[in-house]
Amino acid sequence: MQFCHLHTHTEYSLLDGEASIKKLVARVKELGMDSCAITDHGSMYGVVDFYREAKSQGIHPVIGCEVYMAPRSRFDKVHDIDNKTSHLILLAENQRGYKNLIKLVSAGYIDGFYYKPRIDFEMLKEHSEGIIALSACIAGEVPKALLRGDYDEAKKIALKYAEALGKDNYFLEIQDHGLSEQKRIIPDMLRLSEETGIGLVATNDIHYLKKEDAKYQDVLMCIQMEKKVDDPDRMKFETEEFYIKSPEEMASLFEYVPQAIENTEKIAKRCNVDFDFGTRHLPAYAVPDGKDAFEYLRELCQSGLEKRYSPVSDELQKRLDYELGVIKSMGFVDYFLIVWDFIHFAKNNGVMVGPGRGSAAGSIVAYSLGITTVDPIKYGLIFERFLNPERVSMPDIDIDFAPNGRQKIIDYVVEKYGEGQVAQIITFGTMKAKLAIRDVGRALDIPYAEVDKVAKLVPFDLKMTISKALDISTELHALYENDPQIKELLDTSMALEGLPRHASTHAAGVVITSEPIVNYVPLQLNSENFITTQFTKDTVENLGLLKMDFLGLRNLTVIENAVKIIKRTRGIDLNMDEIDYDCKEVYELISSGNTDGVFQLESAGMQSFMQELKPDTLEDVITFKEHVAILRGKRKVLKALDNKKKKKNVVFMPFKPEHWDAMDGLWREYKDREDVDVKVVSVPYYYKNYDGTVEQYSTSAEYPDYINVLSEDEYNYEKDDPDEIIIQNPYD
C-alpha cells in the first residue's frame, strides 16, 4: 500500500510543530513511504531544507503550505470579522505552481497580515496555475460549514474552489484523529464527493513524529501560548493521534474509502518542484552613458590605482589586470560596481565606512575602488583568498558602517534598485539548552528556583547541549538520575531543544536582485515593516541570490565622534584613511592592555595577550592574530608567542603549495635561528562547493624543493606539542 502524507507540520510551524525536518524525513523513510509533503502554517520557512533533506534520504518532496484564508478581502482588517480565518492546504504541482505559491504566501504577510498571514480567494484564483488545493482540517471553510449544519453552503464553497482551481486540482480532505467533529462530517464529505465529483484525500494532521511525542507537543503549545500544562482553559489537542502514521495505519482508518488513500500517492506523483542551486541571479549595475560595465569598472580601478600608488609599477598594473580578468571571467563585474556605488554614496554623505575586513582586503581592485583602505601589496595579502577560479563561489565583502548611518545606506539601495528588489534576511532564534530548560520549566509549572538551579548547571558554550551537559556536570547528572521532576524537565527540554522559537531579522544581511525578489523566494514583513526573506542567509546564497552584509559597527561611531571632538576642541582635521600606523604611543597603549572599545582587542584574553606580546608595529598585532589557531581536529587552543621570544617548536601549515611564498619570509627567518625547530606540515583542505557538497582541494603545483614537507600522518601533534602554528589558508 502506497501512501503520502500531504498535511505535515515541521519545526517551522513555529512552536506548533515538534517534528524537526531531519527526523521527520527519517521517520517517513523508516515507515516505508517514498514521498512526503511539507505544509507549515502560513509560511515556507523550511521548504528548501525539507527538499534537500528529503532528496538526500531518497524521499520525493512535495512543497506546500497551509495558508490562512481571509473571510473577505485580505485588505479588510476589522476585529471579530477579519481575524476569523479558515485553513487551506496548497501544494505546488510544478515550477509555475511554486512561483505562484511563494507569491501567495508573501502577499499573506505583506498585504494580508492581521493576527495571521492571510490570503483571499481572489488572489488564489489569480495565482491558481500549478496549484493543487486540499480543503484542510476542520478549520477549513468546507468542514466549518458542515459543522454548522449548512450542507448547501459547504457544497457551494467546494464547487467555488473546484471551478477556480480546476476540478482535478481541488480535493476534499478527510481526517480522523478520534475527534467527534471529524467523525460527524466524514459522511457529509463522502456525500459531497459523490454529488460533485470532487476527489477525496485522506490525511493525518502531523505535528510530531510518534504517538509518545504528544506530551512534548503539548508543552510546546504551552510555551507558544504562555500557558501551563495544568491550565484548564487552554487550547490543546484532544487526542494523541497527530503523529506520522504508517501507510497501514492510514489504510485501516479509511478502509471504507480506499480512493482517498490512493489519491495521496497520485497527488504526490503530480507534484514535481526542483530548486536550482547552480544559477546565480546577480543584479545588473546601471552603467552611465551606456558604457560597457567591465570597461567602466576598469576605468574606475585605473583611476583609483593611480591615486593609491605613485608611480604605478608594472607589477601593480599586472596585479590589477589579473584581478580584473578573474572578476570578469567569474561574472562579478556588476557585483563590484554595486558595492563601489553604495560605499561611494556613504562616504559622500557623511556615513563613516570601515577600512574593510575579511578576505576582500586582499584585492587591489577593492583597494583601488575605495571599497577597502588596507593596502594588499604592503601587507602581502592574497587575492585568491577572496576570489579563485578554482573554487567558484559568490564573493563576500563585509562592509562596516557607523550604526547611525547604516539605514541611510539601505534606503539608498532600496531607492536605486527598487523596493521589491531589496530585502533583509530572516534568522531564527532557537531553543538552546538553557532557554529550553527555562521555557519547559515554566510550562510544567516547576518552581523558578529549581529551574534556575538546573539551567545554571549547564556550562556556558555556544554549542552546548543538554546531553553534553549531563556528561560534563556530575551535579546535573545526579539530579537527573535521582529527581523524577528534574528528569521530566530535562527529557522534555531535550525533545524540544534546538527547535526554532521565533523569527527575527539578520543583523547585517541584505539581498539585492535584478527582478522582484518574490520571483525567487517568499517574503514577509519584519517588526520594523521592512521586507525580509523567509529563507535564511545560507539558503538565499545557495539559491544564487546576491547577499551583502551591511554591518553596523559601534566602534566606527566612537571614532566618528572622536574625530568631531578633535576638530571642535583642537581645530585639527583627521582623515582616518591617512593616519600614521607607526605612532609609538598607540602601541604603548595597546601593550598596556588598556584596549576597551578597540575592535577585536577588547576582550580580557586579548588584553592579557597584548600585555605579554608588547607589540611595537601593526605587523606584530597582525601576526599575533593569525598565529592563534585551533589545532585542527584536536580542539586544542595554541597560545601564540612573541616573535622575539624563544620557541622550541614552530609548525608551518600551508594549505596550498602555490601560496607557500606568503610564508616563505617568516619561515626563512625561523629556519636560520638556532633556538627554533621548524617543521612544515601539509594538511588537506576541504571546501564547500556551490551546491553544498564538500570536496578536498587538489592541485598540480608542488612545494619548493628547498623545504621538507611532512604529511599530516608523519607529524605527531601530541608528542611534539608545538608552541606555535602558523597557518596560511587562502580560502578562509
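None of these values were measured; they are calculated from a predicted model. (Residues numbered from 1 in each chain as written. Predicted model: local features only at pLDDT ≥ 70, side-chain atom pairs only at ≥ 80, totals over all residues. Heavy atoms only, no water.)

A short note on the overall build of the protein
Okay, step 1: Secondary structure summary: the protein contains 27 helices and 21 strands in total.
Okay, step 2: For the protein, the residues scored as buried account for 52% of the 732 residues in total.
Okay, step 3: Considering only intrachain contacts with a sequence separation of at least 6, the fraction spanning at least 24 residues in the protein is 77%.
Okay, step 4: Accessible area of the protein: about 33,700 Å², with a carbon and sulfur share of 49%. (Helix = DSSP H or I, 4+ residues; strand = E, 2+ residues; numbered from the N terminus. Buried < 20%, exposed > 50% of the residue type's maximum accessible area, 1.4 Å probe, protein only. Contact = heavy atoms within 4.5 Å. Areas by Shrake-Rupley, 256 points an atom, 1.4 Å probe, with all protein chains shown as cover.)

Observations regarding the confidence of the model for the protein
Atomic detail in the predicted coordinates should be set aside for any region of low pLDDT.
Okay, step 1: With 85% of its residues at a pLDDT of 70 or more, the protein shows a mean pLDDT of 87.
Okay, step 2: Low pLDDT (under 50) marks residues 626-647, which in the prediction has 55 contacts with non-local residues, meaning those over four places away or in another chain.
Okay, step 3: Within the model, the stretch residues 686-692 combines pLDDT values under 50 with 24 contacts to residues more than four positions away or in other chains. (pLDDT = per-residue confidence, 0-100.)

Looking at empty space enclosed by the protein
Okay, step 1: Under the criterion given, the structure shown has 5 cavities of 30 Å³ or more.
Okay, step 2: Approximately 60 Å³ is the volume attributed to the largest cavity.
Okay, step 3: Around the largest cavity sit A136, C137, I138, P143, E173, I174, Q175, Q182, I185, I186 and M189, which together line it.
Okay, step 4: Counting residues per element, the ones that place at least two in the lining of the largest cavity are β6 (170-174) and α7 (180-196).
Okay, step 5: Residue contributions to the lining of the largest cavity peak at 4 residues, all from α7.
Okay, step 6: Split into classes, the residues belonging to the lining of the largest cavity amount to 8 nonpolar, 2 polar and 1 charged. (1 Å grid on protein atoms, 1.4 Å probe; cavity = no way out; pocket = protein on both sides within 12 Å on 5 of 7 lines; lining within 4 Å. Points joined across faces, edges and corners; volume = space filled by probe spheres on them. Nonpolar A, V, L, I, M, F, W, Y, C, P; charged D, E, K, R; others polar.)

Regarding the layout of surface pockets
Okay, step 1: Empty space within the second largest pocket amounts to approximately 1,300 Å³.
Okay, step 2: Lining the second largest pocket are 50 residues; nearest its centre among them are D16, H41, Y68, K116 and Q224.
Okay, step 3: Every element with two or more residues in the lining of the second largest pocket is listed here: β2 (60-69), α7, α8 (214-225), β10 (500-512) and β11 (523-525).
Okay, step 4: Here the lining of the second largest pocket takes 5 residues from β10, the largest share from any one element.
Okay, step 5: Considered class by class, the residues forming the lining of the second largest pocket number 22 nonpolar, 20 polar and 8 charged.

Quick notes on helix α16 (residues 433-443)
Okay, step 1: Among the residues of α16, those classed as buried are A433, A436, I437, D439, V440, G441 and A443.
Okay, step 2: In this fold, the buried residues of α16 make contact with α8, α17 (448-456), α18 (466-472), α20 (484-496) and β10.
Okay, step 3: The first or second residue beyond α16 is D445, which carries a positive phi of 60 degrees.

Describing the pairing of β10
Consecutive residues of a regular strand have side chains that alternate between opposite faces of the sheet.
Okay, step 1: Here strand β9 (residues 422-430) pairs with β10 via 8 bridges, running antiparallel. From the neighbouring strand, I426 faces β10, where its bridge partner is T505.
Okay, step 2: With 4 bridges joining them, β10 and strand β13 (residues 546-552) adopt antiparallel strand pairing. Bridge pairing links V511 to K547 in β13. (Pairing = 2+ DSSP bridges.)

A few points about the environment of E249
Okay, step 1: Residue position: E249 is located in helix α9 (residues 247-253).
Okay, step 2: Here the side chain of E249 touches S246 through a polar contact of 2.9 Å, landing on its backbone nitrogen. (Polar contact = N/O pair within 3.5 Å; in protein donor to acceptor, adjacent residues only side chain to side chain.)

Focus on the packing of aromatic side chains
Okay, step 1: Within this structure, the stated rule accounts for 22 aromatic pairs.
Okay, step 2: Centroid distance Y98 to F275: 5.1 Å. Interplanar angle 85 degrees. Geometry classified as edge-to-face. Pair noted here: Y98 is in helix α3 (residues 95-110) and F275 is in the loop between α10 (258-270) and α11 (293-308), with a separation of 177 residues, a long-range link.
Okay, step 3: Residue F275 is classed as buried on the basis of its relative accessible area of 10%. (Phe/Tyr/Trp six-rings, centres within 6.5 Å; stacked < 30°, edge-to-face > 60°.)

Remarks on the pairing of β13
Okay, step 1: Of all the 7 residues making up β13, 5 are buried; the element is thus mostly covered by neighbouring parts of the structure.
Okay, step 2: As judged from the 4 bridges shared by strand β8 (residues 398-401) and β13, these two strands associate in the parallel manner. Across the sheet, residue I399 finds its bridge partner in β13, namely F550.

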